Amino acid sequence: MMRGRSDGAQKKRLLTSVAVVAVFVVVLYLYFGSKNNGESALEYGSRSLRKLGSSYLGGDDDSDLSSKQDEKFGLEDGEDGIIPKSFPVCDDRHSELIPCLDRHLIYQMRLKLDLTLMEHYERHCPLPERRYNCLIPPPAGYKVPIKWPRSRDEVWKANIPHTHLAHEKSDQNWMVEKGEKIMFPGGGTHFHYGADKYIASIANMLNFPNNNLNNGGRVRTVFDVGCGVASFGGYLLSSDVIAMSLAPNDVHQNQIQFALERGIPAYLGVLGTKRLPYPSRSFEFAHCSRCRIDWLQRDGILLLELDRVLRPGGYFAYSSPEAYAQDEEDLRIWREMSTLVERMCWKIAEKRNQTVIWVKPLNNDCYMERPAGTQPPLCRSDDDPDAVWGVNMEPCITPYSDHDHKVGGSGLAPWPARLTTPPPRLADFGYSSDMFEKDMELWQRRVEHYWNLLSPKISSDTLRNIMDMKANLGSFAAALKDKDVWVMNVVPKDGPNTLKIVYDRGLIGTTHDWCEAFSTYPRTYDLLHAWSVFSDIEKKGCSGEDLLLEIDRIVRPSGFVIFRDKQHVIDFVKKYLPALYWEAVADPTSDQDQEGDELVFIIQKKLWSTSESIRDTE
C-alpha cells in the first residue's frame, strides 16, 4: 500500500513537471515564433516549416491545422477560421526563390528529367505538403527600384547582386558594373554596337518605312526567345512594339530578373517539351540572336512550336553563325535548317551579313500543294492549337483557320487601332462587337476609379510592371494605354481561353493556374490586379493562404495589390494584413464603384528587411 501511494505521488509530481515544461515550451514558441525579422525559417534539407499543415520541405505536419488546408478559406456565418498571427520569414539565401522553377526541389525529389530536352528548366511545382509558406525577404541593402525610363539603362546592384554576366559578356556590352549600379549599354551577342542600330538594320532588310520595325503598326507583338537581359525588347518599346522576352532560369544568372528590374516585359520559360504558354498566331515577329537552340532536334519540333505562335505572314529573324559562318558544321546545320523550313513553307525574306529573316505563308495554299507524305505533317484536325497549359509539343504544322486562310492573314487592324477594334477571333467565344465595346467601357470606368483611389500614394512614374491576374479580354490593360506602364495579362488555364483576344489587341500575356506559383522572380511587379481570383481558386479547393504568399512574393516592396472580389474574400485578406506587412490604402467601405457583390480593396506592401535596413532612395 505504502509503495503504491509513493508511486502515485511520484506519478503526480512527474505529470506536474511535464505540464510546467510544456507550458514553458509553448510560451517560448509563441514568443519567438512571432518574431519574424532575422529568422531563418526555410533551410533545405534541415528544418521543417509549418503553417496550416503545409511545409515546403514536407516535414512534420500539425494534424490540427492540416485539416484547414481542404476547407474553404472564406469566413462563413461570421465564424472565424484559424488565422496565424505571423508568417515566418524564409532564409536569406532564398530571397530569389521561384517555387516551380527551383533546382533544389528537383534534386530533392530526384525527378528523372532529360537534360538534353531542357526538362530541368520547365515548371516542376512542389506538392501542397512541400510548398514554401514563409515571406521571401529582399536582399541586403535592397533599394526602391530606379524609375522608368531611366531603369532601362541602369538598376541598383544591391537589388540583383549578380555580376556574372557583366564579366562573362564584357566584350558584348550586355551589362557593366559601375559603383552601386549595373548599367546596360544596349549591347548583345550579335549587336555589340547597340540594340537600336541592330533593330533598325532588321527593319531596313525588310524595307519597312523609316527603318522602323513596327512597319506602320502592322508589327506590334514580338517574341524574343533566348533574350538575355532583354535589351532587344527594351529598345523596341520606343517604336510602339512590345516583345515577350523569354529565357530560362539557367547558367546566365538572373537574366529575366534583370529584364523585369529594368521595366522590360519578360517571362521565365524554355523551349523544351511543353508548348509555350501562348495561343496560336500570337506574334507578328520572332527573334533569336545566338539563342543557342538546337532547332533541328526531334524533327524540328522547336521550330514547329515557333511556327504555331507566329501569325500568317509572320517573320523569324535568326542571327547566328549557322546563317553566315563557313565552317563545315555550321554549313551542315544551315543546309538542314533551310530544307526543314522550306518543307514548312517558309521563304527567305532577306539574308544579309549575320542575319537571315524567314517569312511564314499567308494562307494554307502551300501546305495543300506539298507532295503526299511530306514531313513535317499537318496537325490533326482535332488538335487545338490554343491548348497550351501542360500540353506536349507536337512535331506538326498548325494550319490556319478557314477565316485566316480566306482573308490571307489575321485580319487585324494596325496598332494602335487594333487595341479598340473588335478582333475576328471574338467569334470563337460567341462574343459580339457590342459586348466587346461594353467591356472596354466598363474597365475604363473601373481603372479610372482605381487611379483615383491610388492617387494619394502614386505619381506618374511610380508604377511600371503591372500584372492583371485574370485578364479576360484585356480591357483592364487597354484602359492603361495612356500610362507609361506595361501589363502582363494572365488568363487562368481553366476559364475561357481568351488570351488570343489579348494578343489580337496588341497586348501580351500568358496562361497560368493560380493554384501554383507564377514563373517569375520575387519582387518583379509594382501592381497586381486580382479580380475574383480568390473566389475562383476557392471553388477549386486551393489554398487562399498560399495565394496571398505568392502575391507577396511577386509584388515589389512599396508595390500595390488591387483586390476586386466578394465581401468574405476581402474580410479574409484583411485578416492577414499584419502577417504580410501590408497596409490598407483604400477601404472597400468608401468604394463608390460597387457592382453586384464585388468590393474593391487596395493594399500597399511595406518595406521591410531581415538584415540591414532597406534604403528608400534613388
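Residues numbered from 1 in each chain as written. Predicted model: local features only at pLDDT ≥ 70, side-chain atom pairs only at ≥ 80, totals over all residues. Heavy atoms only, no water.

A.B. asks: Help me understand the sheet that holds strand β1 (residues 154-156) in this model?
C.D. replies: Sheet strands associate in pairs through backbone hydrogen bonding, adopting either a parallel or an antiparallel arrangement. Spatially, β1-β3-β2 is the arrangement adopted by the 3 strands of the open sheet, whose pairing is antiparallel. One side of each edge strand has no neighbouring strand; the edge strands of this open sheet are β1 and β2 (176-178). Strand-to-strand, the axes of this sheet are offset by a mean angle of 30°, without reference to chain direction. In this structure, β1 lies alongside strand β3 (residues 181-183), joined through 3 bridges in antiparallel fashion. The residue bridging Val155 from the neighbouring strand is Ile182, located in β3. (Pairing = 2+ DSSP bridges. Helix = DSSP H or I, 4+ residues; strand = E, 2+ residues; numbered from the N terminus. Axes fitted to C-alpha atoms, helices over the stretch in contact; angles between N-to-C directions.)

A.B. asks: Looking at this structure, I do not really get the state of the cysteines. What am I missing?
C.D. replies: Going through the model one piece at a time under the given rule, you end up with 6 disulfides. For Cys379, the disulfide goes to Cys396, at an S-S distance of 2.0 Å. On the S-S bond that ties Cys379 to Cys396, the torsion sits near 90°, and the link is right-handed. Taken together, the positions of Cys379 in the loop between α10 (365-369) and α11 (402-407) and Cys396 in the loop between α10 and α11 put the pair 17 residues apart, joining distant regions of the chain. Across a sulfur-sulfur distance of 1.9 Å, Cys515 and Cys542 are joined as a disulfide pair. On the sign convention where negative is left-handed, the bridge of Cys515 and Cys542, at about 90° about the S-S bond, is right-handed. Taken together, the positions of Cys515 in the loop between β13 (508-512) and β14 (525-531) and Cys542 in the loop between α15 (533-539) and α16 (544-554) put the pair 27 residues apart, joining distant regions of the chain. Judged by its relative accessible area of 16%, Cys542 is buried. Look at the chain and number its bonded cysteines as they come in the sequence; the links are 1-4, 2-3, 5-6, 7-8, 9-10, 11-12. (Disulfide = S-S within 2.5 Å. Buried < 20%, exposed > 50% of the residue type's maximum accessible area, 1.4 Å probe, protein only.)

A.B. asks: Sorry if this is basic, but what is going on with the confidence of the model for the chain here?
C.D. replies: The predicted coordinates of low-pLDDT regions are not to be read in fine detail. Chain-level pLDDT for the chain is 85 on average; 81% of the residues reach the 70-or-more range. Segment residues 1-12: pLDDT under 50, and 0 contacts once partners within four positions in sequence are set aside and those in other chains are kept. Here residues 25-71 is a poorly scored stretch, pLDDT under 50, and it has 110 contacts once near neighbours within four places are set aside; other chains count. (pLDDT = per-residue confidence, 0-100. Contact = heavy atoms within 4.5 Å.)

A.B. asks: What am I meant to see in the sheet that holds strand β10 (residues 355-359) here?
C.D. replies: Spatial ordering of the open sheet is given by β6-β5-β4-β7-β8-β10-β9, a layout of 7 strands whose pairing is mixed. The strands lining the two open edges of the sheet, one partner per strand, are β6 (266-268) and β9 (347-352). Strand-to-strand twist of the sheet, defined as the mean angle between neighbouring strand axes without regard to direction, takes the value 20°. Across 5 bridges, the pairing between strand β4 (residues 221-225) and strand β5 (residues 242-247) is parallel. Bridging across to β5, Asp224 finds its partner in Ser245. Together, β7 (283-289), β8 (310-319), β9 and β10 form the strand contacts of helix α5 (residues 195-205), whose direction differs from that of β9 by roughly 130°. Relative to the sheet, helix α8 (residues 297-309) contacts β4, β7 and β8, its axis offset from that of β8 by approximately 135°.

A.B. asks: I would appreciate a short explanation of the packing of aromatic side chains in the present structure.
C.D. replies: Each aromatic ring pair is described using two quantities: the centre-to-centre distance and the angle formed by the ring planes. By the definition in use, this model includes 31 aromatic pairs. With a centroid separation of 5.8 Å and 55° between ring planes, the pair formed by Phe534 and Phe563 is classed as tilted. Within this pair, whereas Phe534 is found in helix α15, its partner Phe563 is found in strand β15 (residues 555-566), the two being separated by 29 residues in sequence. Taken as a pair, Phe534 and Phe563 share a single burial class, namely buried. When the ring of Tyr581 is compared with that of Trp608, the centres are 5.5 Å apart and the planes differ by 40°; the resulting orientation is tilted. On the criterion of sequence distance, the pair formed by Tyr581 in the loop between α18 (577-580) and β16 (582-586) and Trp608 in the segment after β17 (598-605) is long-range, its members being 27 residues apart. Judged by its relative accessible area of 23%, Tyr581 falls in the partly exposed class. (Phe/Tyr/Trp six-rings, centres within 6.5 Å; stacked < 30°, edge-to-face > 60°.)

A.B. asks: Please explain the pairing of β14 as it appears in this structure.
C.D. replies: Both faces of the sheet carry side chains from a regular strand, because those side chains alternate between them. Among the 7 residues that make up β14, 7 are buried, leaving the element largely enclosed by the rest of the structure. Across 3 bridges, strand β11 (residues 465-468) lies against β14 in parallel orientation. In the sheet register, Ile466 faces β14, and the bridge partner there is Leu527. Alignment of β14 against β15, held across 6 bridges, turns out to be parallel. For Tyr525, the partnering residue across the bridge sits in β15 and is Val555.

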